[in-house]
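Coordinate inspection notes
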Amino acid sequence: MSTAPAADRWRGVQTGAMLIGVAVMAAIYAPQPLLAEIAGHFGRTAFEANLVVSMTTLGIALGVFPASFIATRVGRGRVLAVSLAGGAALTVVTALGDGWALLVASRVAVGLVMSGVLVSAIVWAGGAVAGHRRARVATAYVSGTTAGGMLGRLLAGFVTEFTDWRAGILAVDVAVIAGGAIGVALVGMRARQKSAAPTAKPADPSPYAARRIVRVSLFAVGFFAMCAFIGVFNATAFRMLEPPFSYGVAVTSMLFLAYISGTFTSMRAGVILERLGARRAILVGSALMIAGQLLTLPDSIVAIVAGLLLLAAGFFLAHAVASAVVPAVSPKPVVGSAWYTLTYYAGSSVSALALGWGWDEGRWPLVIAMAAAFGVLTAAVAFGIPARLGRR
């Protein structure tokens, strides 16, 4: 039996959940900043190169429900560990494979395999701590995903600058293996101790937890918030290449550092959830998103950077709260997480297409009008969540 104080054991699980988040998102998005190099190497168009990323999200969409079925039966921790190891192995195939078909197939396979992490991580890590600490562990995982998204993009780009794109992806994979192994060890150690201890009879669930409208509202938050977020960053890349900015790709890619504000808000989301409840916390996140979107309207790089920081802060707050609450209001937590993951990535696809069309048809004003509308919808569906849900 561990002699460490209970607070230290909880902090260990929190750190482990964060590292798991770092590992899974670094693996998923490692090739994104390297698409031009990959396209040039294989003689492919930009549209074809984008398949390297979009096929990964397709694999996730196809894998979430099979993964949740397997995790429920063989154990969430086992599925998560095997999924991380499999994703790391397939990322090696991405880096070293010779053929274009093999490269694209490996990214589909990465999405399929990593879906086991996405549907299991919050539920498994949350189950290793006391109930009142689960929201903080869940939001630590989400903060890790924001850091992992940045790490994967920046590390791959930096290494590629001095070597080539294959070495860039392999460098990210080393970070994935290290972070994933430590994260699984930290959570797994506490999970085994908790499962070996006598368990108290669970308290009666809140009457709200049985209402389907709460779960649907949370899924809609993930969908609409992602619609309000990711397409703005995609369109920003095009905006920065045109006058009056005319920046290069390297400078434009640095705008992804705005995710750091999301790392901060998602890490604090557990505390905010406990104090405000899910509805108010999501409304705060929605307000920050909309304010950030509107702030990017002037042709000022200072205003754009500030706006992107607010947008990322608001999005990751809303996303962290919604994803933390879903397992608590789902009869089968892993299945609830699977539905949330599916709607979340569906929002990513819709946002990329819709706001991409907005850029083509009306440039930045239309992009922001559409993104702000999605932000308003995020706030609107939050009213389907009871005011006291998620509060201690």
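Quick note: structure is the one above.
Being a predicted model, the structure only gives us computed values, none of them experimental.

Grouped together as the largest cluster of nonpolar side chains are 117 residues, with contacts concentrated most on Ile20, Ile28, Tyr141, Leu218, Phe229 and Val321. No other element matches the 17 residues that helix H9 (residues 212-241) contributes to this core. Among residues more than four places away in sequence, those in contact with Ile20 are Leu80, Leu84, Val117, Ala121, Trp124, Tyr141, Gly183, Val184 and Val187.

Turning our attention to the pattern of salt bridges. According to the stated counting rule, one finds 3 salt bridges in the structure shown. Between Arg239 and Asp299 there is a salt bridge, with the nearest N and O atoms lying 2.9 Å from each other. Placement of Arg239 in helix H9 and of Asp299 in the loop between helix H12 (278-295) and helix H13 (301-325) is noted, with a sequence separation of 60 residues between them.

A word on the side chain of Ser348. Of note, Ser348 is situated in helix H14 (residues 333-382). Under the relative-accessibility criterion, Ser348 is labelled buried at 15%. Apart from the residues within four sequence positions on either side, Ser348 is in contact with Met226 and Ile230.

Taking 1.5 Å per residue, 21 residues should reach 30 Å; helix H5 (residues 76-96) reaches 30 Å between its end C-alpha atoms and fits that length. For H5, the full list of buried residues reads Gly77, Val79, Leu80, Ser83, Leu84, Gly87, Ala88, Thr91, Thr94 and Ala95. Projection of H5 onto a plane perpendicular to its axis shows the buried side chains occupying an angular sector of 165°, all on one side. Facing away from the buried side of H5, by more than 90 degrees, are the exposed residues Arg78 and Val82.

Taken as a whole, this structure holds 17 aromatic pairs when the rule is applied. Taking the centre distance of 4.8 Å and the plane angle of 70° together, the rings of Phe65 and Trp339 count as edge-to-face. Here Phe65 is found in helix H4 (residues 51-74), whereas its partner Trp339 is found in helix H14, with 274 residues between them in sequence. Considering the side-chain rings of Phe245 and Tyr247, the 5.8 Å spacing of their centres and the 50° angle between planes classify their relative orientation as tilted. The exposure class assigned to Phe245 is buried, which follows from its relative accessible area of 10%. Classification of Tyr247 by relative accessible area gives partly exposed; the value is 30%. Counting every residue linked through ring pairs, the aromatic cluster contains Phe229, Phe233, Tyr259, Phe315, Phe316, Tyr340, Tyr344 and Tyr345.

All right, on to the packing of helix H6 (residues 100-126) against helix H7 (residues 134-162) then. Running from N to C, H6 and H7 point in directions that differ by 145°, and their axes come no closer than 8 Å. Once H6 is placed against H7, the crossing between them reads as right-handed. Where H6 approaches H7, its residues Val117, Leu118, Ala121, Ile122, Ala125 and Gly126 are matched on the opposing element by Arg134, Val137, Ala138 and Tyr141. When the residues that make up the contact of H6 with H7 are grouped by side-chain class, the tally is 8 nonpolar, 1 polar and 1 charged.

Scoring rules and cut-offs
Residues numbered from 1 in each chain as written. Predicted model: local features only at pLDDT ≥ 70, side-chain atom pairs only at ≥ 80, totals over all residues. Heavy atoms only, no water. Core = buried A, V, L, I, M, F, W, Y, C linked by side-chain atoms within 4.5 Å. Buried < 20%, exposed > 50% of the residue type's maximum accessible area, 1.4 Å probe, protein only. Helix = DSSP H or I, 4+ residues; strand = E, 2+ residues; numbered from the N terminus. Contact = heavy atoms within 4.5 Å. Salt bridge = Lys/Arg side-chain N within 4 Å of Asp/Glu carboxyl O. Expected span 1.5 Å × (residues − 1). Arc of directions from axis to C-beta. Phe/Tyr/Trp six-rings, centres within 6.5 Å; stacked < 30°, edge-to-face > 60°. Axes fitted to C-alpha atoms, helices over the stretch in contact; angles between N-to-C directions. Left-handed = near helix turned anticlockwise from the far one by under 90°. Nonpolar A, V, L, I, M, F, W, Y, C, P; charged D, E, K, R; others polar.

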